[in-house]
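Listed below are the residues making up each chain.
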Amino acid sequence: EVVPMKDELVKGKISVEKRGQVLVGKETDKNGNITFKYEEKGLAGATYNVYAKEDIKHPDGKTENFYNKGDLVGTITTDETGKGVIDNLPLGQYKIKEKSAPEGFVLSDEVKNVSLKYKDQNTAIVFDNTSFTNERQKVEINVYKKDAENDVGLLGATFGLYAKEKIKNYKDEIVVKAGTLIESATSDTEGKVHFTSDLPLTNFEIKEIQAPI
């Protein structure tokens, strides 16, 4: 008796890693100014669209294409380690583009190409991987101190930048309590007050500490 053998199609798996700077803690200098500390970590909640970079054909050359060039194949979402996977893919060329970034990060317009290639008859699953590193959204705060009557900048006014709400790190630990002075700065000859702290995204308030001399 002849038993027909059916070859199993080799499948592929693509993994994506998402990394970016997260707030880990702070340092306070002798003047009471706070410096926030960041480290690069894996980021959860990033989503990626996976597209066919080419026509993904069936190896028998007869069956309809698995995907046509440009088709959306699926979506990957990263977990708490910053990693995500899409599997059970037919072999071929794919491209990956970020669909949404985690809160506080700039959406990447970078497109990554990956390739799932046949290795040998003993390899049932082939792999490829790629990674994205996104810029953290940054805050810049400037204040102008002007003479109300003459509309000219005033030199020597000191302002304090305060946390309006508690600031937490990526572990959800409180780094700065609400109402804490983060930095003080003094207006220059144009009346401009420039705060230099690399601030996380949150709410702040500014108070004048000392009027111009």
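The structure under discussion appears in the preceding block.
Our subject in this report is the structure included herewith. (Residues numbered from 1 in each chain as written. Predicted model: local features only at pLDDT ≥ 70, side-chain atom pairs only at ≥ 80, totals over all residues. Heavy atoms only, no water.)

Some details on the environment of Thr78
With respect to the helices, strands and loops of the structure, Thr78 is situated in the loop between β4 (72–77) and β5 (83–90). On the basis of relative accessibility, which here comes to 5%, the residue Thr78 falls in the buried class. It is 15 Å that separates the C-alpha atoms of Thr78 and Glu40, two residues lying 38 residues apart in sequence. Contacts of Thr78, omitting those with residues within four sequence positions, involve Val16, Lys18, Leu43, Ala44, Gly45, Ala46, Tyr48, Lys83 and Gly84. Within the structure, Thr78 has its side chain in polar contact with the backbone oxygen of Leu43 (distance 2.8 Å). (Helix = DSSP H or I, 4+ residues; strand = E, 2+ residues; numbered from the N terminus. Buried < 20%, exposed > 50% of the residue type's maximum accessible area, 1.4 Å probe, protein only. Contact = heavy atoms within 4.5 Å. Polar contact = N/O pair within 3.5 Å; in protein donor to acceptor, adjacent residues only side chain to side chain.)

Section: the sheet that holds β4
Taken in spatial order, the four strands line up as β4-β3-β6-β7 in an open sheet, and their pairing is antiparallel. Each edge of the open sheet carries a strand with a single partner, namely β4 and β7 (111–116). Direction aside, neighbouring strands of the sheet carry axes that sit 30 degrees apart on average. Strand direction decides the pairing type here: strand β6 (residues 92–100) and β7, joined by six bridges, are antiparallel. Looking at β7, one finds that Gln93 is bridged to Ser115. (Pairing = 2+ DSSP bridges. Axes fitted to C-alpha atoms, helices over the stretch in contact; angles between N-to-C directions.)

A closer look at the layout of surface pockets
Space inside the largest pocket adds up to approximately 600 Å³. Lining the largest pocket we find 23 residues, and of these Leu23, Glu103, Phe105, Lys168 and Leu201 sit closest to its centre. Contributing elements (two or more residues each) for the lining of the largest pocket: β1 (11–28), β2 (34–42) and β11 (167–168). Grouping the constituent residues of the lining of the largest pocket by class yields 10 nonpolar, six polar and seven charged. In this structure, the second largest pocket spans a volume of roughly 150 Å³. Every residue along the wall of the second largest pocket is listed here: Leu9, Val10, Lys11, Lys57, His58, Pro59, Phe66, Pro90, Leu91 and Tyr118. (1 Å grid on protein atoms, 1.4 Å probe; cavity = no way out; pocket = protein on both sides within 12 Å on 5 of 7 lines; lining within 4 Å. Points joined across faces, edges and corners; volume = space filled by probe spheres on them. Nonpolar A, V, L, I, M, F, W, Y, C, P; charged D, E, K, R; others polar.)

Structural notes on the pattern of salt bridges
Working definition: two side chains of opposite charge can pair if their charged atoms are close together. A complete count under the given rule lists nine salt bridges for this structure. Its salt-bridge partner being Glu27, residue Lys37 comes within 3.6 Å of it at the nearest N-O pair. Of this pair, Lys37 sits in strand β2 while Glu27 sits in strand β1; the two residues are 10 residues apart in sequence, bridging distant segments of the chain. Among the charged side chains, a network of salt bridges with common partners joins Glu17, Arg19 and Glu40. (Salt bridge = Lys/Arg side-chain N within 4 Å of Asp/Glu carboxyl O.)

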